[in-house]
Amino acid sequence: MSAGRRAATLPVRFFSRPAEIVARELIGTIMRSEVDGVVTAGRIVETEAYLGESDPASHGYLGRRNTRNAAIFGPPASWYVYLSYGMHWCANLVAAREGEAAAILIRALEPLEGIEAMRARRGSVADRHLCAGPGRLCQALGITRDLDGRMMDGSPVLVHAGPAAEPSPIRAGPRIGITKAADWPLRFVLAGSPWISRP
DNA sequence: GCGCCGATTGGCT
DNA sequence: GCCAATCGGCGCC
């Protein structure tokens, strides 16, 4: 029918695997938002895996549920969005199996589309900082609690495969900004990318 | 009910 | 490099 073809959203089975695998393979994929009629998109260059009830840093550690973290216990390929430090939204994709509390925090994007809209939402910051951090990218893409608990497919924010050739290597390192089990090598970055939140 | 802490960020020393 | 902003959850009185 139409000449244009939208890239296929990553399927549920992609997310139905261990969170550290999903976190690594999300590097290089494209995150696309359409909020208030505005399209913004970027390449995922930094992620962090949280492994579930047995991971002291997971919001679902020991299976403890509350109002804020309910969505992390949801099905794979659904969003878990929470308010950090009372100010910043942070977006995760739920992975593994429903009830496990495993999720991938999206930590940085390379801006690709809707950059003017990102600038308008972010205020006067250097382009380098438009999406360099979990709170920053949510602001740039217009992500708020509205996304929390929704299945990715059919929601305003989707992730789809990036360009076929991805020559740049992916590096793993310690997680950032946490105090418990921070040294677990569950942060993944696109090596050499200038768009990551921290070197 | 009260105080402390956190998967952060931006401004100031 | 240090620190305040700001709010929900949790431990404790």
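See above for the structure.
Residues numbered from 1 in each chain as written. Chains lettered and ligands numbered in written order. Predicted model: local features only at pLDDT ≥ 70, side-chain atom pairs only at ≥ 80, totals over all residues. Heavy atoms only, no water.

Things to note about the protein's contact with DNA strand C
In the region of DNA strand C, the neighbouring residues are Arg-64, Asn-66, Thr-67, Arg-68, Tyr-85, Gly-86 and Met-87. Among the atoms of DNA strand C lying within 4 Å of the protein, the sugar-phosphate backbone contributes 64%. Within the side chain of Asn-66, an N or O atom sits 3.1 Å from a phosphate oxygen of DNA strand C. (Near = heavy atom within 4 Å. Polar contact = N/O pair within 3.5 Å; in protein donor to acceptor, adjacent residues only side chain to side chain.)

Looking at the packing of helix α3 (residues 115–122) against helix α4 (residues 134–141)
With their axes 7 Å apart at the nearest point, α3 and α4 run at an angle of 115 degrees to one another. Classified by the angle between their axes, α3 and α4 sit roughly perpendicular to one another. For α3 against α4, the interelement crossing comes out right-handed. Taking contact as the criterion, the partners of Met-118, Arg-121 and Arg-122 in α3 are, on α4, Arg-136, Gln-139, Ala-140 and Leu-141. Its residues assigned to classes, the contact of α3 with α4 shows three nonpolar, one polar and three charged. (Axes fitted to C-alpha atoms, helices over the stretch in contact; angles between N-to-C directions. Helix = DSSP H or I, 4+ residues; strand = E, 2+ residues; numbered from the N terminus. Parallel < 35°, antiparallel > 145°, perpendicular 65-115°, else oblique. Left-handed = near helix turned anticlockwise from the far one by under 90°. Contact = heavy atoms within 4.5 Å. Nonpolar A, V, L, I, M, F, W, Y, C, P; charged D, E, K, R; others polar.)

Let's talk about α4
Summarising burial for α4: six of the eight residues are buried, a large majority. Where α4 is buried, its residues touch β1 (30–35), β2 (38–50), β4 (88–94), β5 (103–113) and α3. Following α4 by one or two positions, Gly-142 adopts a phi angle in the positive range, close to 70 degrees. (Buried < 20%, exposed > 50% of the residue type's maximum accessible area, 1.4 Å probe, protein only.)

A look at the packing of aromatic side chains
A full pass over the atoms with the stated rule returns two aromatic pairs. A cation over an aromatic ring shows up here: Arg-17 above the ring of Phe-14, its NZ or CZ 4.8 Å from the ring centre. (Phe/Tyr/Trp six-rings, centres within 6.5 Å; stacked < 30°, edge-to-face > 60°. Lys NZ or Arg CZ within 6 Å of the ring centre and 35° of its normal.)

A word on α3
Those residues of α3 lying buried are Ala-117, Met-118 and Arg-122. Looking down the long axis of α3, one finds its buried residues gathered within 125 degrees of arc, a one-sided arrangement. Exposed residues lying more than 90 degrees from the buried face of α3 are Glu-116 and Ala-120. Tucked inside the fold, the buried residues of α3 contact β2, β5 and α4. (Arc of directions from axis to C-beta.)

Things to note about the protein's contact with DNA strand B
Every one of the 20 residues lining DNA strand B counts as a neighbour, but Tyr-82, Asn-92, Gly-135, Arg-136 and Ile-178 are closest to it. Take the atoms of DNA strand B that sit within 4 Å of the protein: sugar and phosphate atoms are 56% of them. At 3.4 Å from a base nitrogen of DNA strand B is found a side-chain nitrogen or oxygen belonging to Tyr-82. For DNA strand B, a base nitrogen lies 2.5 Å from a polar atom in the side chain of Asn-92.

Thoughts on the environment of Leu-130
For Leu-130, the location among the structural elements is in the loop between α3 and α4. Separated by 21 residues in the primary sequence, Leu-130 and Leu-109 place their C-alpha atoms 8.5 Å from one another. Ignoring anything within four residues of it in the chain, the contact list for Leu-130 reads Pro-111, Ile-115, Met-118, Arg-119, Arg-122, Val-125, Arg-136, Leu-137 and Ala-140.

A few points about the layout of surface pockets
In this structure, the largest pocket occupies an estimated 900 Å³ of space. Lining the largest pocket are 37 residues, and of these Tyr-82, Ser-84, Tyr-85, Cys-90 and Gly-177 sit closest to its centre. For the lining of the largest pocket, the secondary-structure elements that each account for two or more residues are β2, β3 (79–84), β4, β5 and α4. Ranked by residues supplied to the lining of the largest pocket, first place goes to α4 with five residues. Residue classes in the lining of the largest pocket are distributed as 19 nonpolar, eleven polar and seven charged. (1 Å grid on protein atoms, 1.4 Å probe; cavity = no way out; pocket = protein on both sides within 12 Å on 5 of 7 lines; lining within 4 Å. Points joined across faces, edges and corners; volume = space filled by probe spheres on them.)

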